[in-house]
Amino acid sequence: MATIADLISILEGMNGIIQENKDFLTQLDMPIGDSDHGINMARGFQAVADKLPSLAEKDAGTILKTVGMTLVSTVGGASGPLYGTAFMKAAVVANGKTELTMEDFLSMLDAAVEGVKFRGKSTTGEQTMLDAMVPALEAMKAASGSAGEILAAGLDAAQVGVENTKGMIATKGRASYLGERSLGHQDPGATSFALLLSVIAKHFA
Ligand code: ADP
Ligand code: MG
């Protein structure tokens, strides 16, 4: 069971890991994009972190909706609206809740995935963030055990998914302009998703 304090702490941790990996994410975006994914994400999650002190008394839905809106208005690029949508869709599931179960979390991630697919007109196998999100969700739905064990299974699957993007040809986003030359490259958005999930997994480990 996650409390609002857990949620706030996780969001702080997400900002931390994005700041630490800002250059790495930007480097991944260099050969297949426009070298800004780390910069975009770092700007967005810093804006989120700045708002957290004012959100500590709110419910999970309000907090996640604020996160989503903040990401949409600050991240920019393709990933801003997509991550923004993901958090806003999760917020609908978390509406009014001050405690979240693993079942809630899986419903939130499910809604987030559907939101990204709809907004991005994308699906798995296109070398995007969905190639980390969907395997993670599926692995967690199939896993059993403690929250820590389920999240660890999800993180493993997300990391395998990230690795698998190297074997894909991008058909969405900037990388799709490269066609077959996108092959062999690790997707920045899939990588940032795995980093965000790692914060949740570590929190409950
Ligand atoms: P931009 O491509 O506009 O510069 P970013 O560099 O911040 O934006 O983000 C790029 C990431 O966004 C990609 O690595 C990919 O994971 C994700 N992405 C781009 N387009 C889509 C889409 N249509 N559906 C899902 N994810 C996408
Ligand atoms: Mg980019």
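Just so we're clear, the structure is a prediction, and the values are computed from it rather than from any experiment.

**Q** I'd love a proper account of the coordination of the magnesium ion (ligand 2), names of residues and values included.
**A** At this site the magnesium ion (ligand 2) is bound by Asp29 (OD), Asp34 (OD) and Asp36 (OD), with donor distances of 2.0 to 2.2 Å. Read in sequence order, the donor residues coordinating the magnesium ion (ligand 2) give the pattern D-x4-D-x1-D. What makes Asp29 buried here is its relative accessible area of 8%. In this structure Asp34 comes out as partly exposed when scored by relative accessible area, which is 30%.

**Q** Describe in detail the pattern of salt bridges, supporting the description with residues and values.
**A** Under the counting rule described, the total for this entry stands at 6 salt bridges. The closest approach of N and O atoms between Asp110 and Lys141, which form a salt bridge, is 2.9 Å. Separated by 31 residues along the polypeptide, Asp110 in helix 6 (residues 102-120) and Lys141 in helix 7 (residues 130-142) bring together distant segments of the chain. Asp110 sits in the partly exposed class, given a relative accessible area of 24%. One salt bridge connects Glu126 with Lys172, and the closest N-O pair in it is separated by 2.9 Å. In this pair, Glu126 is assigned in the loop between helix 6 and helix 7 and Lys172 in the loop between helix 8 (147-164) and helix 9 (188-204), connecting sequence segments 46 residues apart. The exposure class assigned to Lys172 is partly exposed, which follows from its relative accessible area of 27%.

**Q** Lay out unusual backbone geometry in plain terms, naming residues and giving numbers.
**A** In this structure, Ser35 takes a positive phi of about 55° despite not being glycine. Residue position: Ser35 is located in the loop between helix 2 (22-32) and helix 3 (37-51). Positioned with a positive phi, Lys121 is a non-glycine residue whose angle comes to about 45°. Counting through the fold element by element, Lys121 comes out in the loop between helix 6 and helix 7. Its relative accessible area of 67% is what places Lys121 among the exposed residues.

**Q** Pulling in residues and values, what's your account of the site of ligand 1?
**A** The environment of ligand 1 is made up of 21 residues, and the closest members are Asn40, Ala78, Ser79, Ser122 and Asp187. Met129 places a main-chain nitrogen or oxygen 2.9 Å from an oxygen atom of ligand 1. At a separation of 2.6 Å, an oxygen atom of ligand 1 approaches a polar side-chain atom of Asp187. Of all the secondary-structure elements, those providing two or more residues to the shell around ligand 1 are helix 3, helix 5 (79-93), helix 6 and helix 9. Element by element, the count of residues in the shell around ligand 1 is highest for helix 9, at 3 residues. Grouping the constituent residues of the shell around ligand 1 by class yields 6 nonpolar, 9 polar and 6 charged.

Cut-off values and rules
Residues numbered from 1 in each chain as written. Chains lettered and ligands numbered in written order. Predicted model: local features only at pLDDT ≥ 70, side-chain atom pairs only at ≥ 80, totals over all residues. Heavy atoms only, no water. Donors = N, O, S within 2.8 Å, 3.2 Å for Na, K, Ca; no water. Buried < 20%, exposed > 50% of the residue type's maximum accessible area, 1.4 Å probe, protein only. Salt bridge = Lys/Arg side-chain N within 4 Å of Asp/Glu carboxyl O. Helix = DSSP H or I, 4+ residues; strand = E, 2+ residues; numbered from the N terminus. Near = heavy atom within 4 Å. Polar contact = N/O pair within 3.5 Å; in protein donor to acceptor, adjacent residues only side chain to side chain. Nonpolar A, V, L, I, M, F, W, Y, C, P; charged D, E, K, R; others polar.

Honestly, that's just the spatial picture; any functional story needs more than this.
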